[in-house]
Amino acid sequence: MTNTTHFGYTTVEEDEKVHKVAEVFHSVAAKYDVMNDLMSAGLHRAWKIFTIAQAAVRPGFKVLDIAGGTGDLAKEFVKQAGSSGEVWHTDINESMLRVGRDRLLNKGLITPTLLCDAEKLPFQDNYFDRVTVAFGLRNMTHKDQALAEMRRVLKPGGKLLVLEFSKVPAILQKPYDVYSFSVLPWLGQRIANDAESYRYLAESIRMHPDQETLKGMMQDAGLERVQYYNLTAGVAALHTGIKL
């Protein structure tokens, strides 16, 4: 029997979802940053700045950035960890990884770049001081497995930070839906020549666990002191947890 999962609002086979998500990010990689600025009015940059501050990376830290995409977080972590630190910029999508790698190199930042699956991390136990994933968890088929892997590679006392789109209050849901299902695909078509990928984005956000559910999933994965911060009325949320 083949296991199924969701790709946005569509039910697909698990193996099919991996390929469909890959197609989305191959398609949007070149315009990813431009579209992020347009669809969030630049707010994604403030959300990432907050995440970087909460990570509090210090010189010598070992940091794993999962679904690192175009390298926004890795860029800052490389500077903060310094020559004595170690920052891994990773993604499952080669197109996104190449864009991020090139951006880092263009800024004179040399750091390990690795194509890998967050559900099967190729790192030893208890290795990293910080693990981060920004806007990548909702695309993972087995989120519980990915969270368990993230905890596994953290050192005792290490911190996981998950920045992801989340759930807005009911009073904002109707205008948010209009924006998500009408404006976003229109922008995607105009800027990236790809309306369908941004329709999937809106659907994937709706299918992602809400704040409290994700908090419970992180606790189930063995993380302690799990908390979250709603950003821009819950359009995004940053979840953090400690490995004790």
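What you see as residue numbers is a count from 1 along each chain, following the sequence as written. Per-residue local features are limited, in this predicted model, to residues with pLDDT of at least 70; the limit for side-chain atom pairs, both in listing and counting, is 80 or more; totals at the level of whole chains, interfaces and linings are taken over all residues. Where side-chain values are given, they derive from all heavy atoms of the structure, hydrogens and water being excluded.

Let me state the cut-off plainly: UniProt positions are given in the numbering used here, feature names are shortened, and annotations may be inferred rather than shown by experiment.
The name that an unreviewed UniProt entry assigns to the protein is Ubiquinone/menaquinone biosynthesis C-methyltransferase UbiE, with the source organism given as Undibacterium terreum. Annotation of the protein in UniProt includes, under Function (unreviewed entry), the sentence "Methyltransferase required for the conversion of demethylmenaquinol (DMKH2) to menaquinol (MKH2) and the conversion of 2-polyprenyl-6-methoxy-1,4-benzoquinol (DDMQH2) to 2-polyprenyl-3-methyl-6-methoxy-1,4-benzoquinol (DMQH2)."

Comments concerning the UniProt feature "binding site: S-adenosyl-L-methionine" (unreviewed entry) in the protein
Applied cut-off: In this description a helix means any DSSP run of H or I spanning at least four residues, a strand means any run of E spanning at least two, and both kinds are numbered starting from the N terminus. Think of it in three bands: with a 1.4 Å probe and only protein chains considered, a residue is buried below 20% of the maximum accessible area for its type, exposed above 50%, and partly exposed in between. Whether two residues touch is decided by their heavy atoms; if any such pair falls within 4.5 Å, the residues are in contact.
This chain's UniProt record puts "binding site: S-adenosyl-L-methionine" (unreviewed entry) on T70, D91, D117 and A118. Mapped onto the elements of the fold, T70 is located in the loop between strand 3 (62-66) and helix 4 (72-81). Residue T70 is classed as buried on the basis of its relative accessible area, which comes to 4%. Setting aside residues no more than four positions away along its own chain, T70 makes contact with Y32, D33, M96, V99, G100 and R103. Along the chain, the position of D91 falls in strand 4 (residues 86-91). Apart from the residues within four sequence positions on either side, D91 is in contact with A67, G68, G69, M96, L97, L114, L115 and C116.

Some details on the packing of helix 3 (residues 43-55) against helix 4
What counts is decided by this rule: Axis definition: a line fit to C-alpha positions, over the contact stretch in the case of helices; interaxial angles, taken between N-to-C directions, run 0 to 180 degrees. Note on convention: the crossing is left-handed when the near helix lies turned anticlockwise from the far helix by less than a right angle, right-handed when the turn is clockwise.
Between helix 3 and helix 4, the shortest axis-to-axis distance is 10 Å and the interhelical angle comes to 35°. Crossing hand, helix 3 versus helix 4: right-handed. For the pair helix 3 and helix 4, the contacting residues are H44, K48, I52 and A55 in the first and D72, L73, E76, F77 and Q80 in the second.

Regarding the pattern of salt bridges
The cut-off we apply is this: Salt bridges are counted wherever a side-chain nitrogen of Lys or Arg sits within 4 Å of a carboxyl oxygen of Asp or Glu.
Enumeration over the complete set of coordinates arrives at 13 salt bridges. E76 serves as the salt-bridge partner of K75, at 3.9 Å between the closest nitrogen and oxygen. Notably, a salt bridge pairs R199 with E196, separated by 2.4 Å at the nearest N-O pair. In this pair, R199 and E196 both sit in helix 8 (residues 195-207), 3 residues apart, roughly one turn of the helix. A residue is classified by how much of its surface remains accessible, and R199, at 28% relative accessible area, is partly exposed. Salt bridges here are not isolated pairs; linked through shared partners, they connect K48, D72 and R103.

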